[in-house]
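Chains, contacts and geometry: an overview
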Amino acid sequence: MSDNNLVVCIGEILIDFFCTDIEVDLKNGTNYVKQAGGAPANVSAAIAKLGGKAAFVGTVGNDPFGTYLIETMNHLHVDTTMILKDDKTKTTLAFVSLKANGERDFVFCRGADEQLKLGVLETGKLMAAKILHFGSATAFLGGNLTETYLLLMNLAKERGIFISFDPNFRKDLWEGREQEFIELTKVAVSKANFTKVSKEELILITGKENLGEGAKYLHQLGSKIVAVTLGKEGTFLSSSSGQKIVPSIPIKSIDSTGAGDGFVGATLYQLSKEEDPFSIIKNFKRQEEIIRFSNKAGAIVCTKIGAITALPTLEEVIFEKK
């Protein structure tokens, strides 16, 4: 039996050192601000800020940064009881800078996030969730996390839990290993009920430039609902019930950090409110309503600096201009 409306997010949680020198690359940046980050952690925060019920599963180091991350999630009312502390490795770090066009530049220093082991998790609570979300930005890179990630996905599939997946491809992380990423992503898509990808990720994974054909390929792998985010153009929504571009709202983008995570969090927040999230798979009208709301949430993130700090509340999304 599922735990009410609980969404459990699984993957990496880390420290982002955000360069406050706008339009300066990491080589020349000198001023940095510490922030909680990691794509699936951001998604759990997005759900909680909207008023949903979220928990996070991951590993941090037994160090000040790990403590900071847990305290940050607690402050946001994310359930942190399944965040583990590892005594042998340090908390994962990422250094982030903004380019002139508002896009991001990353350098990762990987640490404790890869140490997540299935044997030390209490899977009973985890498998009681209504929805499990897997955000693979670093999960597929190796270590215990990769094995745990796929095992949990298989277990969730067997238990009939609604599965969400976002590949979160980062070129700098996968240079020279792109094919490995593609193959692992296909395995995850085959388990997912909802898959969110960017246009660039869709082309990389499917080899197809056409949005409809690319989405159809993901459906053939197994994903029931596919959302291809297109930035200011909106989101291409695809399921067995239909395909269309759902428009976003006009905004002036300041920082796109966390926009995709805000979109996913908003989607899962709404799905968690459904009596049965599987019921919308054949309801295209409801899918479109959900994506329209999520587009607004993602767009609002782009109007602010930061990731978690820019995530909107429910009131902000509801009252944002259409």
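Here we summarise the structure given alongside this text. (Residues numbered from 1 in each chain as written. Predicted model: local features only at pLDDT ≥ 70, side-chain atom pairs only at ≥ 80, totals over all residues. Heavy atoms only, no water.)

This paragraph deals with the overall build of the chain. On a plain count of helices and strands, the chain comes out with 11 helices and 13 strands. Here the C-alpha radius of gyration of the chain, 18 Å, is about what a compact globule of 322 residues would show, namely 20 Å. When its C-alpha atoms are laid out on the principal axes, the chain stretches across 50 × 45 × 40 Å. The proportion of buried residues among the 322 residues of the chain is 58%. Look at the contacts in the chain between residues 6 or more apart in sequence, and 71% of them connect residues 24 or more apart. Looking at the chain as shown, the accessible area adds up to about 13500 Å², and 51% of this sits on carbon and sulfur atoms. (Helix = DSSP H or I, 4+ residues; strand = E, 2+ residues; numbered from the N terminus. Rg over C-alpha atoms; globule rule 2.2 N^0.38 Å. Buried < 20%, exposed > 50% of the residue type's maximum accessible area, 1.4 Å probe, protein only. Contact = heavy atoms within 4.5 Å. Areas by Shrake-Rupley, 256 points an atom, 1.4 Å probe, with all protein chains shown as cover.)

The subject of this paragraph is the environment of Phe 162. Checked against the element boundaries, Phe 162 lands in strand E9 (residues 162–166). A relative accessible area of 0% means that Phe 162 is categorised as buried. Sequence separation between Phe 162 and Ser 272 is 110 residues, and the spatial gap between their C-alpha atoms is 9.6 Å. With near-sequence residues (within four places) excluded, Phe 162 lies in contact with Lys 130, Ile 131, Leu 132, Asn 193, Phe 194, Leu 271, Pro 277 and Phe 278.

A word on the sheet that holds strand E5 (residues 83–86). Across the sheet, which stays open at both edges, the 9 strands sit in the order E5-E4-E1-E8-E9-E10-E11-E12-E13 with mixed pairing between neighbours. Edge positions in the open sheet fall to E5 and strand E13 (242–246), since each of these has one partner strand only. The mean inter-strand angle of the sheet, taken between neighbouring strand axes irrespective of direction, is 15°. As defined by bridge partners, strand E12 (residues 235–239) adjoins E13 across 5 bridges and the pair is classed as antiparallel. (Pairing = 2+ DSSP bridges. Axes fitted to C-alpha atoms, helices over the stretch in contact; angles between N-to-C directions.)

Within this structure, the stated rule accounts for 11 salt bridges. Arg 177 is paired through a salt bridge with Glu 180; the nearest N and O atoms lie 2.9 Å apart. Owing to a relative accessible area of 28%, Arg 177 belongs among the partly exposed residues under this scheme. Notably, a salt bridge pairs Glu 289 with Arg 286, separated by 3.2 Å at the nearest N-O pair. Of this pair, Glu 289 and Arg 286 both sit in helix H10 (residues 284–301), 3 residues apart, which is roughly one turn of the helix. Judged by relative accessible area, Arg 286 falls into the partly exposed class, the value being 22%. Overlapping salt bridges bring together Arg 110, Asp 113 and Glu 114 as one network. (Salt bridge = Lys/Arg side-chain N within 4 Å of Asp/Glu carboxyl O.)

Listed in full, the buried residues belonging to helix H7 (residues 199–206) are Glu 201, Leu 202, Ile 205 and Thr 206. Taken around the axis of H7, the buried residues stretch over an arc of 105°, which confines them to a single face. On the buried face of H7, the contacting elements are E9, helix H6 (178–191), strand E10 (194–198), helix H8 (211–221) and strand E11 (225–229). Once H7 finishes, Gly 207 follows within two positions and takes phi at roughly 75°, a positive value. (Arc of directions from axis to C-beta.)

This brings us to unusual backbone geometry. Of all residues except glycine, most have a negative phi; of all peptide bonds, most are trans. Residue His 77 is not a glycine yet carries a positive backbone phi of 70°. Relative to the helices and strands, His 77 resides in the loop between helix H2 (64–75) and E5. Despite not being glycine, Asn 168 has its phi angle at roughly 50°, a positive value. With respect to the element layout, Asn 168 can be found in the loop between E9 and helix H5 (171–174).

Let's shift gears to the side chain of Gln 35. Relative to the helices and strands, Gln 35 resides in strand E3 (residues 32–37). What makes Gln 35 buried here is its relative accessible area of 15%. Excluding its chain neighbours within four sequence positions, the residues that come into contact with Gln 35 are Leu 14, Ile 15, Asp 16, Phe 18, Tyr 68, Gly 306, Ala 307 and Thr 309.

So, about the side chain of Thr 80. Its place among the elements puts Thr 80 in the loop between H2 and E5. On the accessibility criterion, Thr 80 (12% relative accessible area) is buried. One polar contact links Thr 80 to Asn 74, side chain to side chain, over a distance of 2.7 Å. The residues touching Thr 80, leaving out its near neighbours within four places in the chain, are Ile 70, Met 73 and Asn 74. (Polar contact = N/O pair within 3.5 Å; in protein donor to acceptor, adjacent residues only side chain to side chain.)

Before going further, it helps to spend a moment on the pairing of strand E4 (residues 54–61). With 8 of 8 residues buried, E4 lies mostly within the body of the structure. Here E4 shows a buried face lined by Ala 54, Phe 56, Gly 58 and Val 60 and a second buried face lined by Ala 55, Val 57, Thr 59 and Gly 61.

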